[in-house]
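Architecture and fold: a report
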Amino acid sequence: MSYIENYSFINESKRTFGFDNNSHSLSDKETVENDFLTSIYRNQNYNYSKFFKMDFLAKNVFLLAENLKNFLPENRNNVGIVFMNNFASFEADVKFEKTISDKNNYFPSPSIFVYTLPNISTGEVCIRHGLKGESSFYVLEKFSPEIFVNIVNSSLIFQDYVLSGWSEFVNSQIKSMMFLVSKFPKKENCEKFDAFNVKKIFETIWKN
Amino acid sequence: MEELILKLKNQIIDTLNLDDKKPEDIGDDEPLFGDGLGLDSIDALELIVLMEKNYGIKLKDASEGKKIFVSVRVMADYINKNRLK
């Protein structure tokens, strides 16, 4: 049996982000100068300069995990991360391709190249929060609560906590979420981590 | 030289995505790696590309970078003496 300790989300179409019942929304003014993810970073006054070097996906996974950092256990040896999406590292792939497409201006960018593997994003979170458990990244055609729960529960066989998330574009706007799932719930009334509850939360977030 | 130092600072900020830095935040003699600007090994590779792309300087040996990427001033001095464009 596994339980949802907490979850975080980013919904660009509604300009909202947050965790559990704690939702923030950004005003038009706050998103004028920066893209949506950078606007969240600035709104929350995070101080992690490496953020600006990350690609879109890594920024996305980083921000989801930041929302949950206060709920992580002190001992991170048994905390893993599983993330899934349906676009892999597409944004970084396109950017990198631009640095090598012109034979007369051929300067492959090392810093973009490192992000052409989607699992760099989960690695960034492991470094940031000192997670020592398993880290994996899956690329699926579409979100399936059943597959999501099965994969995360498999990962929980070998560790006590897993940060697990999904990200997708809908009408060119990012929708993503992350659960902190555990074998042994710390708080009372934790919902079971099963396909029904995941689907319920998933649908609730996108409605609001 | 001062003009090149300022240009180089802007190029470093732009190339390395140091969005939270301004040219005046980077000291002319401040170490680029370690305790100074805190760049990493991927940044070093990106600086090698920057030198080639903007100044036509191709480092024959990547380890040369250790002597060149000490600070912005040392970099600017090397560029002044070796630039092809």
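Residues numbered from 1 in each chain as written. Chains lettered and ligands numbered in written order. Predicted model: local features only at pLDDT ≥ 70, side-chain atom pairs only at ≥ 80, totals over all residues.

When its secondary structure is counted, chain B shows 4 helices and 0 strands. In sequence order, the secondary structure elements of chain B are arranged as α-α-α-α. On C-alpha atoms alone, chain B measures out to a radius of gyration of 12 Å, which is about the 12 Å that the 2.2 N^0.38 rule sets for 85 residues. For chain B, the C-alpha atoms occupy an extent of roughly 30 × 25 × 20 Å along the three principal directions. The buried share of chain B, reckoned over its 85 residues, is 24%. Within chain B, counting contacts between residues at least 6 apart in sequence, those at least 24 apart form 60% of the total. (Helix = DSSP H or I, 4+ residues; strand = E, 2+ residues; numbered from the N terminus. Rg over C-alpha atoms; globule rule 2.2 N^0.38 Å. Buried ≥ 20, exposed ≤ 12 C-beta atoms within 10 Å, placed from the backbone. Contact = placed C-beta atoms within 7 Å.)

The number of helices and strands found in chain A is 7 helices and 8 strands. The C-alpha atoms of chain A give 17 Å as radius of gyration, which agrees with the globular expectation for 208 residues (17 Å, within 12%). Projected onto its principal axes, the C-alpha positions of chain A cover 60 × 40 × 35 Å. In chain A, once contacts between residues fewer than 6 apart in sequence are set aside, the share between residues at least 24 apart is 66%.

As a further point, take the interface of chain B and chain A. The accessible area lost on association of the parts is a frequent measure of interface size. With 11 residues of chain B at the interface, the matching set in chain A holds 8 residues. In terms of residue class, the side of chain B that touches chain A is built from 5 nonpolar, 1 polar and 5 charged. (Nonpolar A, V, L, I, M, F, W, Y, C, P; charged D, E, K, R; others polar.)

What follows is about the confidence of the model for chain A. Taken over all residues, the pLDDT of chain A has a mean of 94, while the share at 70 or more is 100%. Within chain A, the lowest mean pLDDT, 88, falls on strand β3 (residues 22-25) of chain A, and the highest, 98, falls on strand β4 (residues 79-85) of chain A. (pLDDT = per-residue confidence, 0-100.)

Turning to unusual backbone geometry, a few remarks are in order. Of note in the backbone geometry, Ala88 of chain A takes a positive phi value of approximately 45° without being a glycine. Checked against the element boundaries, Ala88 of chain A lands in the loop between β4 and α3 (90-100). A positive phi angle, near 55°, is found at Asn17 of chain B, a position not held by glycine. Structurally, Asn17 of chain B is set in the loop between α1 (2-15) and α2 (41-55).

What follows covers the packing of helix α2 (residues 56-68) of chain A against helix α5 (residues 120-129) of chain A. Residue and element names in this part refer to chain A. Where α2 meets α5, the axes come as close as 8 Å, and the angle between the chain directions of the two elements is 40°. Accordingly, the angle class assigned to the pair α2 and α5 is oblique. Both α2 and α5 take part in a crossing whose hand is right-handed. Side by side, α2 and α5 meet where Leu57, Ala58, Val61, Phe62 and Ala65 of the first sit next to Ile120, Ser121, Thr122, Glu124, Val125, Arg128 and His129 of the second. Across the contact of α2 with α5, the residue classes tally to 7 nonpolar, 3 polar and 2 charged. (Axes fitted to C-alpha atoms, helices over the stretch in contact; angles between N-to-C directions. Parallel < 35°, antiparallel > 145°, perpendicular 65-115°, else oblique. Left-handed = near helix turned anticlockwise from the far one by under 90°.)

With 13 residues, α2 of chain A extends 19 Å between its outermost C-alpha atoms, agreeing within 8% with the 18 Å of an ideal straight helix rising 1.5 Å per residue. Here α2 of chain A lies mainly inside the structure; 13 of its 13 residues are buried. (Expected span 1.5 Å × (residues − 1).)

Residues and elements named next belong to chain A. Counting 51 residues, the largest nonpolar core has Val61, Phe62, Ala65, Val162, Leu163, Met178 and Val181 as its most contacted members. Among the elements that make up this core, the one with the highest residue count is α2 (9 residues). Those residues in contact with Ala65 that lie beyond four places of it in its chain are Val125, His129, Leu163 and Met178. (Core = buried A, V, L, I, M, F, W, Y, C linked by C-beta atoms within 7 Å.)

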